[in-house]
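Tertiary structure, described
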Amino acid sequence: MTTVDGHIDVLIVGAGLSGIGAAYHVRQAFPDRSYVILEGRENLGGTWDLFRYPGIRSDSDMYTLGYRFRPWPGDKAIADGDTILEYLRDTAAEHDIDRHIRYRHRVVRAEWSSADNRWTVRAERGDTGETVTLTASFLFGCTGYYRYDQGYTPEFAGVECFGGPVIHPQHWPDDLEVDGKRVVLIGSGATAVTLGPALTEQGAHVTMLQRSPSYVISMPAKDDLALRARKVLPPKLAYGVARAKNVALATAMYQLSQRYPERIRAQIRAWQRRWLPPGYDIDTHFTPRYNPWDQRLCLSPDGGFFRAIRKGRLEVVTDTIETFTETGLRLDSGATLEADIVITATGLNLLAFGGMDLVVDGVPVEMSEHLAYKALMLSDVPNFAFVVGYTNASWTLKADLVSEYVVRLLRHMDEHGYDRCVPVRDPSIGRASLFAGFMPGYVLRSAAIFPMQGDRAPWKLRMNYVRDLVTLRHGPIIDSAMRFERARVPAQR
């Protein structure tokens, strides 16, 4: 059954970090404008509601992962997942956003009509099975880029022979007992670095099996400057000080890594030599083939990952899997790992715009044929914006800027009587992957399903918050690529 459910001024897809932030900005700027958030899952929070594995936490500091408009209230800068979820729920309740969320509404298709000057959005309800259709003047994709219903697991030979459970962290069972168990944790990314020490605290002996190493560094779980600033400054000012400091440090670390990779490699190695037991084989287990920040650095709050290694509760093995056996794994080197439980922290699957199909005037939008304008709109797709966060900094830094830009864009359209805006690509602009220069496996597997970037502004993606702050918060709305139009027949609200 299909239900037609009215017209919305701004329709937001996704009720995670980006969607709640977008709703706040739209509501503050346009209190009389209608907005709705369609969320495919049964709860808000996105990633922070989905992942339930032990130790789940932020891998960015909360003074930048938190919203600019709502200071992070916790004491920990690297915060636990349930604390972040509480922060999101409180934010939505405080600003009356939660009443505008429609849960179990998974958007499957959005069709733009230039004749009607609006989007027709179709969502499938997970609770009733019916299809709901809405129309919207502006569509705002805040879906993140993870596929929530399926994590990535490679095909392992012999996995059906293993006598114990094989678990992907994205689908963590509530009743899993690890105390006294031998756990083989496959992977070397942020999830594995988080899970390893957390499982040892629950009594497991963990072997982290990695095909190749990642950069892992320790970071204090609490930010001393931020906590001191709170004692002497008003909350928003103290938060702003901590936020600015952490933006500056993260930006400096990234830029130094890009310009002087060997120096940063040497510095990370020197830190690890202090954190690891004497004589530890850093070359084999902690020296990646790539340069720092070609992939995200893995953070270990207060050095918990290294402490678990020193205590002998966490072992790192660098090797590849020949096959699973009934009692564990046999490796290509000939070594064997005995296991009661195997956890495949082998990565995520990406999904552009939550998997919804976009259509413009009857023509399906093939992502690889469109360029990302300012990394937040699509060429030749009217009245549509999306959030894709930074790979080298906190997601919310970019999400806040995108929302602020969308507000400025809508204000400009109101002031000049425009009904639609659309970035138009110059055919002379070159094309490259949206994630060019960023090379983790989950990106390489999925880059083709995302739009492309160009070789110059405003089509070139910049992983630089400070430059984006100038462009998106203060830069001109009008440029040679953005076209504003008035509808021949004014759209009815």
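The preceding data block contains the structure.
Residue numbers restart at each chain and count upward from 1, following the sequence in its written direction. Reporting in this predicted model follows two pLDDT cut-offs: at least 70 for local features of residues, and 80 or more for side-chain atom pairs to be given and counted; totals over whole chains, interfaces and linings ignore these cut-offs and use all residues. Based on all heavy atoms of the structure, the side-chain values leave hydrogens and waters out of the count.

**Points about the packing of aromatic side chains**
What counts here: Only Phe, Tyr and Trp rings take part, Trp by its six-membered ring, and two of them pair if their centres are within 6.5 Å. Stacked means planes under 30 degrees apart, edge-to-face means over 60, and tilted covers everything else. Strands are runs of DSSP state E lasting at least 2 residues, helices are runs of H or I lasting at least 4, and numbering of each runs from the N terminus. Three exposure classes are used, based on accessible area relative to the maximum for each residue type with a 1.4 Å probe and protein chains only: buried under 20%, partly exposed in between, and exposed over 50%. Working rule: Lys NZ or Arg CZ, within 6 Å of ring centre, within 35 degrees of ring normal, means a charge sits over the ring.
The tally for this structure, following the rule as stated, stands at 27 aromatic pairs. Geometrically, the ring pair formed by Phe353 and Phe384 is edge-to-face, given 5.4 Å between the ring centres and 90° between the ring planes. Of the two residues, Phe353 is situated in the loop between strand 18 (348-350) and strand 19 (357-360) and Phe384 in strand 23 (residues 384-386); the sequence distance between them amounts to 31 residues. Judged on exposure class, the residue Phe353 and its partner Phe384 are both buried. In this structure an aromatic cluster arises from ring pairing among Trp271, Trp275, Tyr280, Phe286, Phe305 and Phe306. Above the face of the Phe30 ring, Arg33 is positioned so that its terminal group lies 4.3 Å from the ring centre. One residue, Arg263, lies across the ring of Tyr260, its end atom 4.8 Å from the ring centre.

**Looking at unusual backbone geometry**
Across the junction of Ala457 and Pro458, the peptide omega takes the value 0°, indicating a cis bond. The residue Pro458 is located in the loop between strand 26 (452-454) and helix 13 (465-474) in this model. Even without being a glycine, Arg104 presents a positive backbone phi close to 55°. For Arg104, the position within the fold is in the loop between strand 3 (101-102) and strand 4 (105-113). By relative accessible area, Arg104 is classed as partly exposed at 36%.

**A closer look at the sheet that holds strand 10 (residues 205-210)**
Just so we agree on the cut-off: Two strands pair under a simple rule: DSSP has to find at least two bridges between them.
An order of 8-17-9-10-13 is seen for the five strands of this open sheet, with the pairing classed as parallel. What marks the edges here is a single partner per strand, and that holds for strand 8 (166-167) and strand 13 (314-318). Where strand 8 and strand 17 (residues 341-344) come together, two bridges link them in parallel fashion. Residue pairing in the sheet places Val166 in a bridge with Val342 of strand 17.

**Concerning the side chain of Thr143**
Operational definition: Nitrogen and oxygen atoms within 3.5 Å of one another constitute a polar contact, given that in protein one can donate a hydrogen and the other can accept it, and given that sequence-neighbouring residues count only through two side-chain atoms. Any two residues whose heavy atoms approach within 4.5 Å at even a single point are treated as in contact.
Assignment of secondary structure puts Thr143 in the loop between strand 6 (131-141) and strand 7 (146-151). What makes Thr143 buried here is its relative accessible area of 16%. Looking at Thr143, its side chain comes within polar contact range of the main-chain nitrogen of Gly354, at 3.2 Å. Those residues in contact with Thr143, other than ones at most four positions away along the chain, are Val13, Phe353 and Gly354.

**Structural notes on the sheet that holds strand 15 (residues 328-331)**
To keep it simple, the criterion reads: Whenever a helix is involved, its axis is fitted only over the stretch in contact; in every case the axis is a line through C-alpha atoms, and angles between N-to-C directions fall within 0 to 180 degrees.
Pairing is antiparallel in the open sheet, where three strands are placed in the order 14-15-16. One side of each edge strand has no neighbouring strand; the edge strands of this open sheet are strand 14 (321-324) and strand 16 (336-338). Neighbour-to-neighbour, the strand axes of this sheet turn through a mean angle of 20°, independent of strand direction.

**Some words on the pairing of strand 17**
Because side chains alternate across strand 17, one face comprises the buried residues Ile341 and Ile343, and the other comprises Val342 and Thr344, equally buried. Relative to strand 17, strand 9 (residues 182-186) runs parallel, the two sharing four bridges. Bridge pairing links Ile186 to Thr344 in strand 17.

**Remarks on the pattern of salt bridges**
Side chains bearing opposite charge may pair, as long as their charged atoms lie close to each other. Condition: Any Lys or Arg side-chain nitrogen located within 4 Å of an Asp or Glu carboxyl oxygen qualifies as a salt bridge.
The final tally for this structure, using the stated rule, is 24 salt bridges. Of the charged contacts in the structure, one is a salt bridge between Arg125 and Asp127, with a shortest N-O distance of 2.7 Å. With relative accessibility at 41%, the residue Asp127 sits in the partly exposed group. In this structure, the salt-bridge partner of Arg420 is Glu485, at a minimum N-O distance of 2.6 Å. Taken together, the residues span a long stretch of sequence, with Arg420 in strand 24 (residues 420-423) and Glu485 in strand 27 (residues 482-485) at a distance of 65 residues. For Arg420, a relative accessible area of 12% corresponds to the buried category. Overall, Glu485 belongs to the partly exposed group, its relative accessible area being 22%. What emerges from the salt-bridge pattern is a single network uniting Arg41, Asp49 and Arg52.

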